[in-house]
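The lines below spell out each chain.
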Amino acid sequence: MKVAGFSFIRNAVQFDYPIVEAITSVLPLCDEFVIAVGDSDDDTLALIQAIPSDKIRIIHTVWDQNARAGGRVLAQETDKALAAVSPDADWAFYIQGDEVMHEKYVPVVREAMQTYLNDKNVEGLLFKYLHFYGSYSYVGDSRRWYRNEIRVIRNTGNVVAYKDAQGFRTRDNQKLKVKPIDAYIYHYGWVKPLELQKNRLRYASHFWNTGDNIAKAEAQLDYFDYSGIDSLAHFTSTHPAVMQARVDRLNWPFTFDTSQKHYSPRVRFLTFIEKLTGWRIGEYKNYKKV
């Protein structure tokens, strides 16, 4: 069994993406790792080159400034990295620049890839998610956060990133058939000092909006702060080992009353139904479980 990892990154230093931790967390599963390093305004390339592994292969890319609406450029960069994966790889593990996998899940993922290696009906593996918010001590626990996403795909050449590259589909726009596994991806995109987070969101707005919408999106960020979230829960477990130095160095004071749930009447009702039955009505599912 051969496994390739892949990702993309740009301006990782400027916006403090944990891309080194992201790559390092999945390297034990990978025979190679392809990283598409976009044209950056900082030392992102040197950051990636400094990772001490001969498994890593860098491809240099230029982001399409015209592919802004809906984050389409993120899918384009993902597809560039996936296309550079060795064709004899059986599986391809996708990890984004603000995602990290805990080392305790390495055996779980390896076993699943081995189990379904020859089952062509399984086109991917579906992971659970923890979304950290505000600090490394809280996770989102409301309906606004996606609970699952595909992060391992069968390397058939017939899979492409979907929309903003949160997930994948076949080239003819069919949902992938996936097996859920008991492994989590830790998403750290919403854990940054407030002003740095605002700068990141302003930058990201250029790849989600066009024309006057960019100015409107940036203006709204002047009022952004972490307290506006609807619901959080305390994180009481451990972070991935590769993240611990960052957590120790950068965690800052942030408090949130987890007993408070700032839900609209509709969301409050839907949350009640979910807790009662386990069914999240209207949940986004860009996959088919098999």
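Everything numeric here is computed off the predicted structure, so don't read it as measured data. (Residues numbered from 1 in each chain as written. Predicted model: local features only at pLDDT ≥ 70, side-chain atom pairs only at ≥ 80, totals over all residues. Heavy atoms only, no water.)

1. Concerning the pairing of strand E1 (residues 3-9)
Working step 1: Burial analysis of E1 places seven of its seven residues in the buried class, which makes it a mostly covered element.
Working step 2: Side chains Val-3, Gly-5, Ser-7 and Ile-9 project from E1 onto one buried face, and the interleaved Ala-4, Phe-6 and Phe-8 project onto a second face that is buried too.
Working step 3: The pairing of E1 with strand E4 (residues 91-94) spans four bridges and is parallel. Following the sheet pairing, Phe-6 is matched in E4 by Tyr-94.
Working step 4: With six bridges connecting them, E1 and strand E2 (residues 32-38) associate as parallel partners. Of the residues in E2, the one forming a bridge with Phe-6 is Val-34.
Working step 5: Taken together, E1, helix H1 (residues 19-26) and E2 form a β-α-β motif whose crossover is right-handed. (Buried < 20%, exposed > 50% of the residue type's maximum accessible area, 1.4 Å probe, protein only. Helix = DSSP H or I, 4+ residues; strand = E, 2+ residues; numbered from the N terminus. Pairing = 2+ DSSP bridges. Right-handed = clockwise from strand over helix to strand, strands pointing away.)

2. Comments concerning unusual backbone geometry
Working step 1: Here the phi dihedral of Asn-11 falls at roughly 55 degrees; this positive angle occurs in a residue that is not glycine.
Working step 2: Position of Asn-11 among the secondary structure elements: in the loop between E1 and H1.
Working step 3: Given a relative accessible area of 0%, Asn-11 falls into the buried group.

3. A closer look at helix H3 (residues 72-83)
Working step 1: The end-to-end C-alpha separation of H3 is 17 Å, in line with the 16 Å expected for 12 residues at 1.5 Å each.
Working step 2: Those residues of H3 that sit buried are Val-73, Leu-74, Ala-75, Glu-77, Thr-78, Asp-79, Ala-81 and Leu-82. (Expected span 1.5 Å × (residues − 1).)

4. Describing a nonpolar patch on the surface
Working step 1: A contiguous nonpolar patch, built from Phe-269, Phe-272 and Leu-276 and spanning about 360 Å² of accessible area, is present on the exposed surface.
Working step 2: Here Phe-269 lies in helix H8 (residues 265-277). (Patch = residues over 30% accessible without salt bridge, like charges linked within 9 Å, V, L, I, M, F, W, Y side chains within 5 Å. Areas by Shrake-Rupley, 256 points an atom, 1.4 Å probe, with all protein chains shown as cover. Salt bridge = Lys/Arg side-chain N within 4 Å of Asp/Glu carboxyl O.)

5. A word on the pattern of salt bridges
A side chain of one charge can pair with a side chain of the opposite charge if their charged atoms are brought near each other.
Working step 1: Per the counting criterion, the structure on display carries 13 salt bridges.
Working step 2: Across the pair Arg-246 and Asp-16 runs a salt bridge whose closest N-O atoms are separated by 3.2 Å. Here Asp-16 lies in the loop between E1 and H1 and Arg-246 lies in helix H7 (residues 244-250), a separation of 230 residues in the sequence.
Working step 3: The exposure class assigned to Asp-16 is partly exposed, which follows from its relative accessible area of 24%.

6. Section: the environment of Asp-141
Working step 1: For Asp-141, the location among the structural elements is in the loop between strand E7 (138-140) and strand E8 (148-154).
Working step 2: We classify Asp-141 as partly exposed; its relative accessible area is 35%.
Working step 3: For the pair Asp-141 and Ala-22, spaced 119 residues apart in sequence, the C-alpha to C-alpha distance is 23 Å.
Working step 4: The residues contacting Asp-141, other than those within four sequence positions of it, are Ser-231, Leu-232, Ala-233, Lys-261 and Tyr-263.
Working step 5: Among the polar contacts listed, one links the side chain of Asp-141 to the backbone nitrogen of Leu-232, at a separation of 3.3 Å. (Contact = heavy atoms within 4.5 Å. Polar contact = N/O pair within 3.5 Å; in protein donor to acceptor, adjacent residues only side chain to side chain.)

7. Comments concerning the side chain of Asp-230
Working step 1: Here Asp-230 shows up in the loop between helix H6 (212-220) and strand E12 (232-234).
Working step 2: Of the side chains with opposite charge, Arg-144 lies nearest to the buried Asp-230, which makes no salt bridge, at 4.1 Å.
Working step 3: Separated by 3.0 Å, the side chains of Asp-230 and Ser-142 make a polar contact.
Working step 4: The residues contacting Asp-230, other than those within four sequence positions of it, are Ser-142, Arg-144, Phe-256, Gln-260, Lys-261, His-262 and Tyr-263. (Lys, Arg positive; Asp, Glu negative; His and termini not counted.)

8. Considerations on the side chain of Asn-286
Working step 1: Topologically, Asn-286 is positioned in the loop between H8 and strand E13 (288-289).
Working step 2: At a separation of 3.3 Å, a polar atom in the side chain of Asn-286 contacts the main-chain carbonyl oxygen of Phe-168.
Working step 3: Of the polar contacts made by the side chain of Asn-286, one reaches the side chain of Arg-169; its length is 2.6 Å.

9. With respect to the nonpolar core
Working step 1: In terms of nonpolar packing, the biggest core is built from 88 residues, with Phe-6, Phe-93, Met-101, Val-109 and Phe-127 touching the most fellow members.
Working step 2: When residues of this core are assigned to their parent elements, the largest contribution, seven residues, is made by strand E6 (residues 124-133).
Working step 3: If we skip the residues at most four places from it in the chain, Met-101 touches Ser-25, Val-26, Leu-29, Phe-93, Ile-95, Val-106, Val-109, Phe-127, Tyr-184, Ile-185 and Pro-240. (Core = buried A, V, L, I, M, F, W, Y, C linked by side-chain atoms within 4.5 Å.)

10. Concerning helix H5 (residues 194-205)
Working step 1: Its 12 residues place the ends of H5 16 Å apart at the C-alpha level, agreeing with the 16 Å of an ideal helix rising 1.5 Å per residue.
Working step 2: Of all the residues in H5, the buried ones are Gln-197, Lys-198, Arg-200, Leu-201, Tyr-203, Ala-204 and Ser-205.

11. Thoughts on the environment of Asp-225
Working step 1: Take Asp-225: it is sitting in the loop between H6 and E12.
Working step 2: Given the relative accessible area of 34%, Asp-225 is considered partly exposed.
Working step 3: For the pair Asp-225 and Lys-198, spaced 27 residues apart in the sequence, the C-alpha separation amounts to 8.6 Å.
Working step 4: Setting aside anything within four residues of it in sequence, one finds Asp-225 in contact with Tyr-133 and Leu-194.
Working step 5: Within the structure, the side chain of Asp-225 is placed 2.2 Å from the side chain of Ser-227, a separation counted as a polar contact.

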